[in-house]
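Chain residues, written in single-letter form:
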Amino acid sequence: MRSSTPIHRWISVTSLWLGLLGPAWTQDVPPAASPGAVTATTAPAPLVLGGEDRAIPLDRRARYFIDVARHPTPDAIEVARDRIAWRLLERDTSYGIDGAALWFQFDATSSAGRWFLQVGSSGVDRVQLFYRGSDGRWVVEEAGDSRAVSEWPLPGRLPTFALAPPSDNAVRYWLRIEHDRGDFVSPLVIYDQSQLIASRETEQFLLGGYFSLALLIALGSVANAVVYRDRNFAAYAVYVGALALAQLAYLGVGAQHVWDRWLQWNSMAGFVLPSIARAAALWFTRTVTEPARFSRALDMTVWGVIAALLCAVALDTLLTSRLSLMLVVVLNIVALMVIATLIGVVWTRSEDPHVGLIALGFLPVLVFAIFPILRGFNLIPVSLFTRYSLAIGAVLEMPILFYALSLRGNRRREAQVRASALAWSDALTGLAHTQTLLQRLEAALERCVALKQTCGLMGVKIANFQAILDEYDRDTAERVLVVAASMLRKVTTDVDTAARVGDHEFVLLLEGPASTADVTSRAQKLVASGLRDSEALPTGLVLKFQVATALLPDRGLDAPGSLKWLRDAAHATYADTRKLIRALNF
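Everything in this summary refers to the structure shown in the same document. Quick caveat, the model's predicted, so the values are computed rather than measured. Sequence order sets the numbering: in each chain, residues are counted from 1 along the sequence as written. Where totals are concerned, whole chains, interfaces and linings use all residues; where local detail is concerned, this predicted model gives features only for residues with pLDDT of at least 70, and gives and counts side-chain atom pairs only at 80 or more. Here the side-chain values reflect all heavy atoms present in the structure, with hydrogen atoms and water set aside.

1. Description of the pairing of strand β8 (residues 138-143)
- Note that strand β7 (residues 126-132) and β8 share six bridges and pair antiparallel. By the bridge assignment for β8, F130 is matched with V140.
- For two strands to be treated as a pair, DSSP must find at least two bridges joining them. Only DSSP runs of H or I covering at least 4 residues are called helices, and only runs of E covering at least 2 are called strands; the numbering of each starts at the N terminus. Where β7 folds back onto β8 in an antiparallel hairpin, the turn is made up of five residues, including G136, whose phi is positive at roughly 90°.

2. A few points about the sheet that holds strand β15 (residues 545-552)
- Pairing is mixed in the open sheet, where five strands are placed in the order β13-β14-β12-β15-β16. Each edge of the open sheet is held by one strand with a lone partner, namely β13 (497-500) and β16 (581-583). The average undirected angle you get between the axes of adjacent strands in this sheet is 15°.
- Sheet analysis places β15 next to β16, joined by three bridges and oriented parallel. Within β16, the residue paired with A548 across the bridge is R582. Lines fitted to the C-alpha atoms define the axes, with helices restricted to the stretch that makes contact. Angles between their N-to-C directions range from 0 to 180 degrees.

3. So, the packing of helix α3 (residues 193-228) against helix α4 (residues 231-251)
- At their nearest, the axes of α3 and α4 sit 8 Å apart, and the two run at 160° to each other. Considered as vectors, α3 and α4 are oriented roughly antiparallel to each other. Where α3 crosses over α4, the handedness of that crossing is left-handed. Residues L207, Y210, F211, A214, I217, A218, S221, V222, N224 and A225 of α3 form the contact with α4, whose participating residues are F233, A234, Y236, A237, V240, L243, A244, Q247, L248 and L251. Convention used here: angles under 35 degrees read as roughly parallel, angles over 145 as roughly antiparallel, angles from 65 to 115 as roughly perpendicular, and any remaining angle as oblique. With the far helix as reference, a near helix turned anticlockwise by less than a right angle produces a left-handed crossing, and one turned clockwise produces a right-handed crossing. By definition in these notes, contact holds between two residues if any of their heavy atoms fall within 4.5 Å.

4. What to know about the nonpolar core
- Buried Ala, Val, Leu, Ile, Met, Phe, Trp, Tyr and Cys residues that are joined via side-chain atoms within 4.5 Å together make up what is termed a nonpolar core. For every residue, the accessible area (1.4 Å probe, protein chains only) is compared with the maximum for its type, and the residue is labelled buried under 20%, exposed over 50%, or partly exposed between those bounds. Counting 88 residues, the largest nonpolar core has F104, L175 and I190 as its most contacted members.
- For this core, the element with the highest residue contribution is α4, accounting for 13 residues.
- The residues contacting F104, other than those within four sequence positions of it, are R63, Y64, L89, Y95, Y173, W174, L175, I177, F184 and L188.

5. Digging into α3
- Residue count minus one, scaled by 1.5 Å, sets the expected span of a helix. Counted at 1.5 Å a residue, the expected span for α3 with its 36 residues is 52 Å, and the 52 Å between its end C-alpha atoms agrees.
- Note on α3: the residue one or two positions beyond its end, R229, has a positive phi of about 50°.

6. Here we look at unusual backbone geometry
- Following L552, the chain continues to P553 via a peptide bond in cis, the omega torsion being 5°.
- Its location among the elements puts P553 in the loop between β15 and α16 (559-572).
- One non-glycine residue with positive phi stands out, namely E290, at about 50°.
- Locating E290 in the fold gives a position in the loop between α6 (263-289) and α7 (296-319).
- A relative accessible area of 19% means that E290 is categorised as buried.
- Positive phi values are uncommon outside glycine, yet K452 reaches one of about 55°.

So, in structure tokens, the structure goes:
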């Protein structure tokens, strides 16, 4: 195996950092194995398939060597077998095989059942499995990005090959791999049929959930962007969409289900889409943080990094060299640093209460990225978690950012909503005003007459309002009105109408079929809530509600007449009376 250069090692480690805002653009590449003396290794003992083990890793059960001549078949390898320096396959070994072929060899015998060899990484350029059939001829199976997934021996997300049918004799297998512009590291595992089906069903379920969430978040963001003309959601929709496409390429789902026949694009997607996703992440972060408010130079830097990153991706697509790839790596790191700077600047200097939650949205990806980074320094072994931790972080990131943007959008739209509601609501309390109440009351009376049912009407007065105004200032008195409106809303349903009809007077219309018990219960709850302390008011300050209740229609009164009758009754209830609830007609 070729020794790893410092550049190769640097690319392998830093590529994992790029996953902080999206999937890694290479295949979980740890540093290459340290160089050493090459010695011949005898073939390991044949594997016996059919025991209790349903998944058998090939670690220390196979041997390998790097073929710089890229021989196409094992024939030439068998001729020169005495001159080949084989090595024993060790776990987590990394191979730099640009312009070469990587050969694995193992023997296996199977007494029953179907068995399959799976290469545990997507995005491999070319993978071939050779073995001699019962007639002595070569059986060849091929998969990888150089061939459409539908033409693979066993179509799926990962290259998978069927082993020879059961036989008493050991069969020698040759696995040939070509993979340029990125070190190859992947587990090689033999599965029996039932275990392979189970693992595929599990991964399809989990990946389906992930991409469904991404699609839901993206569509929700588009809807918010269109309905509310919110550019933050528009940028977020682009970012989530680009991130999902990048994950399609990284996880092999795109080649399996989306662009099966687009072989040229399939070979490029793993390098192009993740960098585009990071450019989209940088644009989204700029849109949310608005750095121009703090520094024009910082804002221009963001645009410069986005342009440089996209140009570098285009250049790398044309040159497809290690040098152009390293340029993309550097610019991705710069983009990451700029994103962190934007979040830090806005977090420390902005008065936006939701910027902290937005920064928290990026935290899961940052935390879960620690594991592939540790893997890059060979501190932990390759595992499913090191491969998919970034996807897990993205699952946590998407709903948090969506929620944060929703809160920010609601806050920014609040003034517009309140302004548009002034035509039918009170500016201070947000309750309906008198004209709106009369319209709803008139419709309720007509409905009650037609259906021969009754509705309820409650007149509410803050009996101690003048005393509060005398003891405290006007600001406290206005807060009392807002608190009273909140208490009214707590005793209403979706079909009821609460309105402010005077300086400290309110009316509650119970539009549904109302009974004496229902109206009385609502009135008692309202009076009790007013006598409890509120955090929004000074300690010891309570609201003394006096309530007049009635069931309508009554005496043929129309809406204005019914409202006047109720308000007169409320005014007739004096502040010092002990009876706070007065029923007018029941």
